[in-house]
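A look at the structure
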Amino acid sequence: MDVLDLARIQFGVTTVYHFLFVPVTIGLSLLVAILQTMWRSTGKTVYLRATKFWGKLFLINIAMGVVTGLVQEFQFGMNWSAYSRFVGDVFGAPLAFEALVAFFLESTFIGVWIFGWDRLKPGLHLACIWLVAFGTMASAYFILAANAFMQNPVGYQLNETAGRAELTDFGAVLSNPVALAAFPHTVFASWLTAGVVVVAVSGYHFMHRRDLDVHRPAMRLGVMTTLVGGLGLILSGDSLSKVMTSTQPMKMAAAEALYQTTSNAPFSVLTIGSLDGRHGTPIIEIPGLLSFLATGSFGGTVQGINDLNAQYNDLFGPGDYVPYIPLTYWSFRFMIGFGLLSMAMAVIVWWFTRRGRLPEHRLFWPIAMWMAVTPFLANSSGWIFTEMGRQPWVVFSLYQTGEAVSPRVGAATVATSLIGFTLVYLVLAVIALKLFFKYAKAGPPAEEQALASSSPSDDPDKPMAFAY
């Protein structure tokens, strides 16, 4: 493999790994804030114990998210310096806002929330975790705005002399239609992910019949969050697919491996055979669904890969502008399929635990807990589809991926850093999972312990204590 292949693999590995933590952080911050609000509004200590329990797991996850996210910034200068030079004036602006506004907001108030249990007034302490939840979502928006420029470049002008894109309208970058459509889709995916994690962890304690007074309301909250997130994903995905069709029609055609322009285009759930346009056997086809996703009409016309590639040759010069079809086709289906499995699991758990019931079959909870991997597979598949469906462009219609790699970094150097990062990430994965499972199995604190560490102190000179 050459340096471009290795650089792409490294960025893919680190990005997908980092994105395992991001949705949980966004979703759990909201759920912890809701649980603490329920404690303050009802006075029931079960909600305080749940807040302490899920707050600890949230902190483990956010720490891993920060550590793995820092590597993303470094890679732009390491392996993609040509890209950084070309797009840095535009791309850097939303990333700077993410760091200076959103990340500082969440990192500051997460510290105040951790240490302020026995020092701050209850309302002020509650406001801290809500600010953290807001900060995580604001952080997601700024990052999505930066990524949206790669999908649909707006608010810039090309400086032919300098050979780079320069920012002309920051408002246009922030209001990019792709960012506006992708943001709710990402937030709903985060809610679904966090909801499934809550259901799975609570399911472990249901299986062992421990602390059910704490985990039953958490279970209900997790199920509700999963279903709200899933339904939101369906609605926001419909909107996002139409924006994608208008800005990147090749990506929509690649999602179905549709080579010929078609009206009333079907959506194939599965297929057997080649995806090169010569032959294939769809197992299940839903008539008109692809047209509806792309245009809003079951009879709408969807442009095919061959026609689009010919158009791009006329616009951008001779070349192959078709992404790797098998990966885009299957990642699109894995994203949808695993997301629907997450929703189905939530419905099944709700049905069998309603009105105080406890499922007796020995396989019920182990299966429910293993289903926790489904939203992570859906998130990773969706991210892979989003980025691979744009290829061969790193900035659609402006700059190709082959041009973006660092010109003076050799394959051996990238291979070394790839191996190094992968090994470090494996170690971090073991540590993170061990910590998460350890404290998830330990369960919530006892009522006396939770109350003792959550009551404001009368001593103004008492140092702040780490509450976890």
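Conventions used here
Along each chain, numbering runs from 1 in the same order as the chain's sequence is written. This being a predicted model, a pLDDT of at least 70 is required before a residue's local features are given, and a value of 80 or more before pairs of side-chain atoms are given or counted; all residues contribute to the totals for chains, interfaces and linings. The side-chain quantities take in all heavy atoms of the structure and omit both hydrogens and water. Helix and strand definitions here come from DSSP, where helices need a minimum of 4 consecutive H or I residues and strands a minimum of 2 consecutive E residues; each element is numbered from the N-terminal end. Every radius of gyration here is taken over C-alpha atoms, with the globule rule written as 2.2 Å times N^0.38, N being the number of residues. Buried means the residue's accessible area, taken with a 1.4 Å probe over protein chains only, is under 20% of the maximum for its type, while exposed means over 50%, and partly exposed covers the values in between. Throughout, a residue-residue contact means that at least one pair of heavy atoms, one from each residue, lies within 4.5 Å. Only the protein chains shown count as cover for residues, and all accessible areas are computed by the Shrake-Rupley method using a 1.4 Å probe. Just so you know, the count uses Lys and Arg for positive and Asp and Glu for negative, and it drops His and the chain ends. Charged groups are reduced to one reference atom each: NZ for lysine, CZ for arginine, CG for aspartic acid, CD for glutamic acid. Definition used in this section: a nonpolar core is a set of buried Ala, Val, Leu, Ile, Met, Phe, Trp, Tyr and Cys residues joined via side-chain atoms within 4.5 Å. The definition of a polar contact used here is a pair of N or O atoms within 3.5 Å, where within protein one atom must be able to donate a hydrogen and the other to accept one, and adjacent residues in sequence count solely through side-chain atom pairs. Axis definition: a line fitted to C-alpha atoms, over the contacting stretch in the case of helices. Angles run 0 to 180 degrees between N-to-C directions. Crossing handedness: left-handed means the near helix sits turned counterclockwise from the far one by under a right angle, and right-handed means the same turn made clockwise. Each residue is assigned to one of three groups, with Ala, Val, Leu, Ile, Met, Phe, Trp, Tyr, Cys and Pro labelled nonpolar, Asp, Glu, Lys and Arg labelled charged, and all others, Gly among them, labelled polar. By this definition, two strands are paired if DSSP reports at least two bridges between them. Salt bridge, as applied in this entry: a Lys or Arg side-chain nitrogen positioned within 4 Å of an Asp or Glu carboxyl oxygen.

What to know about the overall build of the protein chain
Helix and strand content of the protein chain: 17 helices and 8 strands. Its C-alpha atoms give the protein chain a radius of gyration of 24 Å, within 12% of the compact-globule value 23 Å for 468 residues. In terms of overall dimensions, the protein chain has a C-alpha envelope of 75 × 50 × 40 Å along the principal axes. Evaluated residue by residue, the protein chain yields a buried proportion of 51% over its 468 residues. Here the analysis covers contacts within the protein chain between residues at least 6 apart in sequence; of these, 79% occur between residues at least 24 apart. Carbon and sulfur atoms make up 68% of the accessible area of the protein chain, which totals about 21000 Å². Seen as two clouds, the 28 positive and the 27 negative side-chain charges of the protein chain have centres 13 Å apart.

Some remarks on the nonpolar core
Counting residues in hydrophobic clusters, the biggest one holds 37 residues, and the most contacted among them are Leu28, Trp54, Phe58, Trp113 and Ile129. Among the secondary structure elements, those contributing two or more residues to this core are helix 2 (22-42), helix 3 (45-78), helix 4 (81-115), helix 5 (122-151), helix 7 (177-207), helix 8 (212-247) and helix 16 (411-442). When residues of this core are assigned to their parent elements, the largest contribution, 11 residues, is made by helix 3. Beyond its immediate stretch of four places on either side in the chain, leucine 28 contacts Trp54, Phe58, Ala194 and Val198. With 26 residues, the next largest nonpolar core counts Tyr83, Val90, Val394 and Ala404 among its residues.

Considering the side chain of glutamine 248
With respect to the helices, strands and loops of the structure, glutamine 248 is situated in the loop between helix 8 and helix 9 (249-256). Since its relative accessible area comes to 3%, glutamine 248 is described here as buried. For glutamine 248, the side chain forms a polar contact with the side chain of glutamine 151, separated by 3.3 Å. Non-local contacts of glutamine 248, meaning those with residues more than four positions away in its chain, are made with Gln151, Arg390 and Phe396.

A few points about the packing of helix 8 against helix 12 (residues 325-353)
A pair of packed helices is captured by two measures, namely the crossing angle of their axes and the spacing between those axes. Across the interface, helix 8 lies against helix 12 with an axial gap of 9 Å and an inter-helix angle of 145°. At the point where helix 8 passes helix 12, the crossing takes the left-handed sense. Note on element contacts: helix 12 touches helix 8 through Ser342, Met343, Ala346, Val347, Val349, Trp350 and Thr353, opposite Arg216, Met219, Val223, Thr226, Leu227, Gly230, Leu231 and Ile234. Split into classes, the residues belonging to the contact of helix 8 with helix 12 amount to 10 nonpolar, 4 polar and 1 charged.

A look at the pairing of strand 2 (residues 164-167)
Relative to strand 2, strand 1 (residues 156-159) is paired through 4 bridges, and the arrangement is antiparallel. Following the sheet pairing, glutamine 157 is matched in strand 2 by glutamate 166. Hairpin connection, strand 1 to strand 2: the antiparallel pair is bridged by 4 residues, and glycine 163 has positive phi, about 65°.

Quick look at the pattern of salt bridges
Throughout the structure, instances matching the rule amount to 6 salt bridges. Of the charged contacts, one joins glutamate 166 and arginine 164 as a salt bridge, the two residues approaching to 3.8 Å between their closest N and O atoms. The buried category is assigned to glutamate 166, whose relative accessible area is 19%. When the shortest N-O distance is used, the salt bridge between glutamate 256 and arginine 333 registers 2.4 Å. Of this pair, glutamate 256 sits in helix 9 while arginine 333 sits in helix 12; the two residues are 77 residues apart in sequence, bridging distant segments of the chain. Here glutamate 256 matches arginine 333 in class, with each residue buried. One network of salt bridges, with partners in common, ties together Arg49, Asp211 and Asp213.

Digging into the environment of alanine 254
Tracing the backbone through its elements, the reader meets alanine 254 in helix 9. Classification of alanine 254 by relative accessible area gives buried; the value is 0%. Taking the C-alpha atoms as reference points, alanine 254 and glycine 27, 227 residues apart in sequence, are found 31 Å from one another. If we ignore the near neighbours within four places in the chain, the residues touching alanine 254 are Ile305, Pro323, Ile325, Thr328 and Tyr329.

Focus: unusual backbone geometry
Looking along the chain, the bond that leaves glutamine 391 and enters proline 392 is cis, with omega of 15°. Turning to its location among the elements, proline 392 is positioned in the loop between helix 14 (373-388) and strand 7 (393-395). Backbone geometry places asparagine 264, a non-glycine residue, at a positive phi of 50°. Along the chain, the position of asparagine 264 falls in the loop between strand 3 (262-263) and strand 4 (267-272).

Let's talk about helix 9
Across the 8 residues of helix 9, 8 count as buried, placing the element largely inside the fold. Turning to helix 9, its buried residues are Pro249, Met250, Lys251, Met252, Ala253, Ala254, Ala255 and Glu256. Backbone geometry just downstream of helix 9 places alanine 257 in the positive-phi region, at approximately 55°.

As for the side chain of asparagine 176
Residue position: asparagine 176 is located in the loop between helix 6 (170-174) and helix 7. Assessed through its relative accessible area of 1%, asparagine 176 is described here as buried. Separated by 2.8 Å, the side chain of asparagine 176 and the backbone oxygen of asparagine 152 make a polar contact. Aside from chain neighbours lying at most four places away, what touches asparagine 176 is Ala148, Phe149, Asn152 and Val154.

Here's the deal with the environment of alanine 63
Topologically, alanine 63 is positioned in helix 3. Look at alanine 63 and you get partly exposed, because its relative accessible area is 42%. Taking the C-alpha atoms as reference points, alanine 63 and glutamate 106, 43 residues apart in sequence, are found 12 Å from one another.

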